[in-house]
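# Results of the structural survey
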Amino acid sequence: MKILVTVAEVAEVEDDFEVDGLAVDDRYLTYDLNEWDDYAVEAAVQIQEAGEDVEVVSVTVGPERADETIRMALAKGVDRAIRVWDDDLAGTEYLDSATKAEVLAAVAEEEDPDLVLTGVQSGDSAFGATGVSLAERIGFEWAAVVNDLDYAAGDDEASVRRELEGGVEELTDVETPAVLTIQTGINDPRYASLRGIRQAQSKEIAPKALADLGLDASVTEGAVSLAELYEPETVSDATVYEGSAEETAGQLADLLRDKGVVEG
């Protein structure tokens, strides 16, 4: 069987940064594997280790720079990777969830997986829509925000527990093939071993362009655009009291009296 895992490279912003037009200046960015996708990778590798003849394939929509992040997933047990990028994608001002889902759907149709695992959301945009949008496009059953998974290679169903609003949890069975969006905390993602890191260097990362997937530039014409990017203004200031416990308690009491919270 085959498991397809979507993997995203996300930017982490330094505490002090500058905005350059519609983006944060590259000088203040570092890149890493999306946290939610790390849990999805671990879930896939655990299924692989518990079964027989299970291939785990990752897919990323991103530039060549993302190969370093992809190698992290390969070092943790992913067998091979696909990275989709070309000039049309690079020239797109904003890649929304619909565009990403369309590209991932084309890869899924080529790979014909039995199970697709995605992170619930990405740490940058945090929309949480790509996995479900992908399921709709490829006609798979789906379950979102999965925080517990019982599935063995070859099963016709996956038993999942998923988070709903208001702290409610739902237990349900999902027929496979299916798309599951994985929540943090479902497992303990492993650290890449030295052996895994070495093996990852020889594993395949197959670059693909839109044309290789039967797509063209029209797929980038999303309905969502980025209009403005700015650092929000500080709406209130914090007061830090220094000194002993008695001194700071007295200062806090004076403040509460001044604000009318307590009576003098």
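Since the structure is predicted, the reported quantities are computational estimates derived from the model, not experimental observations. (Residues numbered from 1 in each chain as written. Predicted model: local features only at pLDDT ≥ 70, side-chain atom pairs only at ≥ 80, totals over all residues. Heavy atoms only, no water.)

### Some words on the overall build of the protein
A tally of regular secondary structure across the protein gives seven helices and 13 strands. When its C-alpha atoms are laid out on the principal axes, the protein stretches across 75 × 45 × 40 Å. Evaluated residue by residue, the protein yields a buried proportion of 39% over its 264 residues. Long-range pairs, those at least 24 residues apart, make up 68% of the contacts in the protein with a sequence separation of at least 6. Carbon and sulfur atoms provide 43% of the accessible area of the protein, an area that totals close to 15,000 Å². Across the protein, the mean location of the 18 positive side-chain charges is 6 Å away from that of the 62 negative side-chain charges. (Helix = DSSP H or I, 4+ residues; strand = E, 2+ residues; numbered from the N terminus. Buried < 20%, exposed > 50% of the residue type's maximum accessible area, 1.4 Å probe, protein only. Contact = heavy atoms within 4.5 Å. Areas by Shrake-Rupley, 256 points an atom, 1.4 Å probe, with all protein chains shown as cover. Lys, Arg positive; Asp, Glu negative; His and termini not counted. Charge placed at Lys NZ, Arg CZ, Asp CG, Glu CD.)

### Overview of the pairing of strand S7 (residues 80-84)
Summarising burial for S7: five of the five residues are buried, a large majority. Across five bridges, the pairing between strand S6 (residues 55-61) and S7 is parallel. Residue pairing in the sheet places Val-61 in a bridge with Val-84 of S7. Handedness of the crossover is the feature at issue here: the chain leaves S6, passes through helix H2 (residues 67-75), returns alongside S7, and the resulting connection is right-handed. With four bridges joining them, S7 and strand S13 (residues 205-208) adopt parallel strand pairing. Pairing of Ile-82 across the sheet is with Ala-206, part of S13. (Pairing = 2+ DSSP bridges. Right-handed = clockwise from strand over helix to strand, strands pointing away.)

### Overview of the layout of surface pockets
Computed from the structure, the second largest pocket encloses a volume of approximately 200 Å³. If you trace the second largest pocket, you find it lined by Ala-43, Gln-46, Ile-47, Ala-50, Gly-51, Asp-148, Leu-149, Tyr-151, Ala-152, Ala-153, Ile-186 and Asn-187. Element by element, the count of residues in the lining of the second largest pocket is highest for helix H1 (residues 35-50), at four residues. Class assignment of the residues belonging to the lining of the second largest pocket gives a composition of eight nonpolar, three polar and one charged. (1 Å grid on protein atoms, 1.4 Å probe; cavity = no way out; pocket = protein on both sides within 12 Å on 5 of 7 lines; lining within 4 Å. Points joined across faces, edges and corners; volume = space filled by probe spheres on them. Nonpolar A, V, L, I, M, F, W, Y, C, P; charged D, E, K, R; others polar.)

### Focus on unusual backbone geometry
Cis rather than trans, the peptide bond between Thr-176 and Pro-177 has omega equal to 5°. Considering the arrangement of structural elements, one finds Pro-177 in the loop between strand S11 (169-175) and strand S12 (178-182). One non-glycine residue, Asp-53, lies in the positive phi region at around 55°.

### Some points on the pattern of salt bridges
For side chains of opposite charge, pairing can occur when their charged atoms come near one another. Evaluation of the coordinates by the stated rule reveals 15 salt bridges. With its nearest N and O atoms 3.2 Å apart, the salt bridge here joins Glu-18 to Arg-27. (Salt bridge = Lys/Arg side-chain N within 4 Å of Asp/Glu carboxyl O.)

### So, the sheet that holds S7
Spatial ordering of the open sheet is given by S11-S10-S9-S12-S8-S1-S6-S7-S13, a layout of nine strands whose pairing is mixed. Each edge of the open sheet carries a strand with a single partner, namely S11 and S13. Neighbour-to-neighbour, the strand axes of this sheet turn through a mean angle of 35°, independent of strand direction. Against the sheet, helix H5 (residues 130-138) makes contact with strand S1 (2-6), strand S8 (115-119), strand S9 (141-150) and S12, and its axis sits at roughly 175° relative to S12, the strand it touches most. (Axes fitted to C-alpha atoms, helices over the stretch in contact; angles between N-to-C directions.)

### Considering H1
Compared with the 22 Å implied by 1.5 Å per residue over 16 residues, the 23 Å span of H1 between its first and last C-alpha is a close match. Counting buried positions along H1 gives twelve out of 16 residues, so the element sits mostly inside the fold. (Expected span 1.5 Å × (residues − 1).)

### Description of a negative patch on the surface
A cluster of acidic side chains, namely Glu-141, Asp-148, Asp-150, Asp-155, Asp-156, Glu-157, Asp-173 and Glu-175, defines a negative patch on the protein surface. At the level of secondary structure, the elements contributing two or more residues to the negative patch comprise S9 and S11. Along the chain, Asp-173 falls in strand S11. Overall, the relative accessible area of 45% leaves Asp-173 in the partly exposed class. (Patch = residues over 30% accessible without salt bridge, like charges linked within 9 Å, V, L, I, M, F, W, Y side chains within 5 Å.)

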